[in-house]
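# Residue-level structure breakdown
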Amino acid sequence: MTETQGSQDISTKLERIAKLAKEKPGVSLLTLAHHIDVEWLREAYRRTRKDGARGVDGQGAEQFAEQLEDNLRSLLDRAKSGRYRAPPVRRVHIPKGDGRQTRPIGVPTFEDKVLQRAVAMVIGEVYEQEFYDFSYGFRPGRSAHQAVEAVQKAAWRMRGGWLVEVDIKKFFDTVEHAHLRDILRQRIGDGVLLRLIGKWLNAGVIEGLVLSYPDEGTPQGGVISPLLANIYLHTVLDEWFVRDVQPALSRGAAMVRYADDFVVLFESKQDAERFLAVLPKRFGKYGLTLHPDKTRMVSFQRPDRVDEDSDGGRWIVKQRTAKDRLSRALRRLRDWCRWNRHQSLKEQHRVLKRKLNGHYAYYGITSNFDRISNFYYQARRTWHATLARRSQRAMTWRKMLSLLERFPLPQPRIVHRHGT
């Protein structure tokens, strides 16, 4: 069977799952695992990143691919028969924020990633029929830029109001397994899938030489973890907001959620204060807490004038790179230049181009041109300083400008035109 035929068959199965979920809203679906066969696992393998970090067994994608069909059939047999044993995840820590803190990341084995992807493809299609439009994180065809644009449009539509920005403290580490299982059983009744998810939740974590079995949390880095987190917050937050909060408000409100980060815009200050007062109680029922320093209410009022950046004389909601994010990006750029100044000019130029283009691709948003321009000029200065340190000859700006003619850095550009 060709890859195209296989993909078409997978699409047909996904459509059947979606149709079943739509036809039976609120019903626990009992027969889903039969969709997972060797062809389904082959597609899951295709969708799994091949360059990711390796799990506790040290196996990479290339070794798994050496006997791909045999490995997929063995994996399917163990998953369906109940003999599959989920290996513990390998925990690593990556820098967070200003670098003084780290974020724990769980790294599954490659085989485990493939099976997690296969299960996520099934239950993800069920919940895609449930998720609200204001949920943007880790969903097909949705992005952080769309979430930002949704906030911008809601703020413009309300003509001012109050914005509640919420940060859930250590969300991925505090998801309670018992609550998550209960939530899943409301829509997923297939014993094979529930058993596999239970094994992943109980698989344990290896950090150094220590193996532990936490009774809460879904490891960041796991393929299925973002979906489970979305399902958890869909019930804990999204449904509650639509069912209980919005009908009780005196005026309009709009929520935008990207994974565990969300903002709620209120036309009424009183509504915003009441929401912020009751939210900790709602979250407390499910083991979640608000970060006291990062959760806040901000007044957002329509300006009494427009400036030169306005859209045809109308006021607009501008977007800027946060100062700490810009400082962090520049610090990482300086660190890379310092540690790689021995590389050839051609290699340095190649990497710097990729870094600049990546920065523009994410931060190149309407009204943010000054910030990405600042990043561009700081990148030029950093490269100049780096080359000056590695050479015995003086690297003047005249020489640097001549070098930039040979190795030009990409100019800042707007990629995402929001609000235009």
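Residues numbered from 1 in each chain as written. Predicted model: local features only at pLDDT ≥ 70, side-chain atom pairs only at ≥ 80, totals over all residues. Heavy atoms only, no water.

### Notes on helix H15 (residues 397-406)
All of the buried residues in H15 are Met400, Leu403 and Leu404. In a view along the axis of H15, the buried residues occupy a sector of 100°, so they form one face of it. In H15, those exposed residues whose orientation departs by more than 90 degrees from the buried face are Arg398, Glu405 and Arg406. (Buried < 20%, exposed > 50% of the residue type's maximum accessible area, 1.4 Å probe, protein only. Helix = DSSP H or I, 4+ residues; strand = E, 2+ residues; numbered from the N terminus. Arc of directions from axis to C-beta.)

### Things to note about the layout of surface pockets
For the second largest pocket, the calculated volume is near 860 Å³. In terms of lining, the second largest pocket is formed by 24 residues, of which the most central are Arg117, Ala120, Phe138, Val223 and Pro226. Here the element with the most residues in the lining of the second largest pocket is helix H5 (residues 110-128); it accounts for 7 residues. Tallied by class, residues from the lining of the second largest pocket come to 12 nonpolar, 5 polar and 7 charged. (1 Å grid on protein atoms, 1.4 Å probe; cavity = no way out; pocket = protein on both sides within 12 Å on 5 of 7 lines; lining within 4 Å. Points joined across faces, edges and corners; volume = space filled by probe spheres on them. Nonpolar A, V, L, I, M, F, W, Y, C, P; charged D, E, K, R; others polar.)

### So, the pairing of strand E6 (residues 253-258)
Across the 6 residues of E6, 5 count as buried, placing the element largely inside the fold. Here E6 runs beside strand E7 (residues 261-266); their pairing, made up of 6 bridges, is antiparallel. Counterpart to tyrosine 258 in the pairing with E7 is aspartate 261. In this structure, the hairpin formed by E6 and E7 is closed by a connection of 2 residues, where alanine 259 is found at a positive phi of approximately 55°. (Pairing = 2+ DSSP bridges.)

### A closer look at the sheet that holds strand E8 (residues 296-301)
Read from one edge to the other, the open sheet built from 4 strands follows the order E6-E7-E3-E8, with strand pairing classed as antiparallel. The open sheet is flanked by E6 and E8, the only strands paired with a single partner. With direction set aside, neighbouring strand axes in the sheet form an average angle of 20°. Here helix H6 (residues 144-158) sits on the sheet in contact with strand E3 (160-167), E6, E7 and E8, set at roughly 170° to E6. Packed on one face of the sheet, helix H10 (residues 225-245) meets E6 and E7 and runs near 175° to E6. (Axes fitted to C-alpha atoms, helices over the stretch in contact; angles between N-to-C directions. Contact = heavy atoms within 4.5 Å.)

Function cannot be inferred from these measures alone, as they are strictly geometric.
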